[in-house]
Amino acid sequence: MLDQALITPSPRRTRGRRGLPILPTQYDLPSDDGEPMESERHREQMGLLINSLQPWLNQHQGGYVSGNMFVYYSIKQIRHNDFKGPDVFVVVGVPHTEHRSWVVWEEGKSLDVVIELLWEQTAKVDKEDKKQLYQTQLTVPEYFWFDPFNPSDFTGFRLINGVYQELQPDAQGRLFSRSLGLFLNHWQGVYQNINTT
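Residues numbered from 1 in each chain as written. Predicted model: local features only at pLDDT ≥ 70, side-chain atom pairs only at ≥ 80, totals over all residues. Heavy atoms only, no water.

**Considering the confidence of the model for the protein**
Residues with a pLDDT of 70 or more make up 84% of the protein, whose mean pLDDT is 85. Predicted confidence for residues 1–14 stays below pLDDT 50, and this span has 25 contacts to residues more than four positions away or in other chains. (pLDDT = per-residue confidence, 0-100. Contact = heavy atoms within 4.5 Å.)

This is the structure we're talking about:
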């Protein structure tokens, strides 16, 4: 049973049909942990990915793409203040509406793709702890990571029988996302006055 002391329910609704407490919504849960972004390059890389993916989703299969936003998947997570915010995530086949956070039980769907942008201080967590979380708790079908300061550190995984299997790049070094129907690849150029890969 949900511990009511852990949350402040939305004033709109506090009880379900049978008088039982309902699960919190995105309006009830924290949406900011006060931690700063890693770097300007990380922020712009997130923007480039999000701004490239949303038009594609709109034209093809529909979906929601965002980044640096909390994703809630269990009450235990809330109890332990264990906030998780992927750098970029995509949920395919849902309408793109404004969200404060992605609450799996409220939306009825988990994430389809996660992309983490590595940072010196967080790379180990992204490659180990978060990879395990995305594999076993959220069961995200595809997980990718990329280091904006070391472009050779670019890896993708696909969930097969409950375990992530590393994707092999094609001859051009691209990684294919089945969920998106797109290749993820390196691009060298200028975006928001930053010239990088």
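**Comments concerning unusual backbone geometry**
In this model, Asn68 sits at a positive phi of 50 degrees, which is unusual for a non-glycine residue. Overall, the relative accessible area of 43% leaves Asn68 in the partly exposed class. Even without glycine at this site, Asn161 takes up a positive phi of about 50 degrees. Its place among the elements puts Asn161 in the loop between strand S7 (154–160) and strand S8 (163–166). (Buried < 20%, exposed > 50% of the residue type's maximum accessible area, 1.4 Å probe, protein only. Helix = DSSP H or I, 4+ residues; strand = E, 2+ residues; numbered from the N terminus.)

**Details of the sheet that holds strand S5 (residues 113–117)**
Read from one edge of the open sheet, six strands run S1-S3-S5-S6-S7-S8, paired in mixed fashion. Edge strands, defined here as strands with exactly one partner in the open sheet, are strand S1 (63–66) and S8. Averaged over all pairs of adjacent strands, the angle between their axes in this sheet comes to 15 degrees, without regard to strand direction. Pairing of S7 with S8, which is carried by four bridges, proceeds in the antiparallel orientation. Pairing of Ile160 across the sheet is with Val163, part of S8. Across the sheet, helix H1 (residues 40–59) lies against S1, strand S3 (88–92), S5 and strand S6 (142–146), angled at about 170 degrees from S1, the strand it touches most. (Pairing = 2+ DSSP bridges. Axes fitted to C-alpha atoms, helices over the stretch in contact; angles between N-to-C directions.)

**Side note on the nonpolar core**
The biggest cluster of nonpolar side chains holds 21 residues, and the ones touching the most others in it are Phe89, Trp102, Leu111, Tyr134 and Leu138. In this view, Tyr134 contacts Pro86, Val114, Glu116, Thr139, Val140, Tyr143 and Tyr164; residues no more than four positions away in its chain are not counted. Counting 18 residues, the second largest nonpolar core, distinct from the first, contains Val88, Ile115, Phe144 and Phe154. (Core = buried A, V, L, I, M, F, W, Y, C linked by side-chain atoms within 4.5 Å.)

**Looking at the side chain of Asp153**
By the element assignment, Asp153 lies in the loop between S6 and S7. For Asp153, a relative accessible area of 17% corresponds to the buried category. Side-chain polar atoms of Asp153 contact the side chain of Lys127, separated by 2.8 Å. Looking at Asp153, its side chain comes within polar contact range of the side chain of Trp145, at 3.0 Å. Contacts of Asp153, omitting those with residues within four sequence positions, involve Leu118, Lys127, Trp145, Phe146 and Asp147. (Polar contact = N/O pair within 3.5 Å; in protein donor to acceptor, adjacent residues only side chain to side chain.)

**Some thoughts on the side chain of Lys130**
Looking at the secondary structure, you find Lys130 in helix H5 (residues 129–136). Accessibility expressed as a relative area gives 14% for Lys130, which makes it buried. At 3.3 Å, the side chain of Lys130 forms a polar contact with the side chain of Glu116. In this structure, Lys130 is in contact with Gly85, Glu116, Val125 and Tyr143, ignoring residues within four places of it in sequence.

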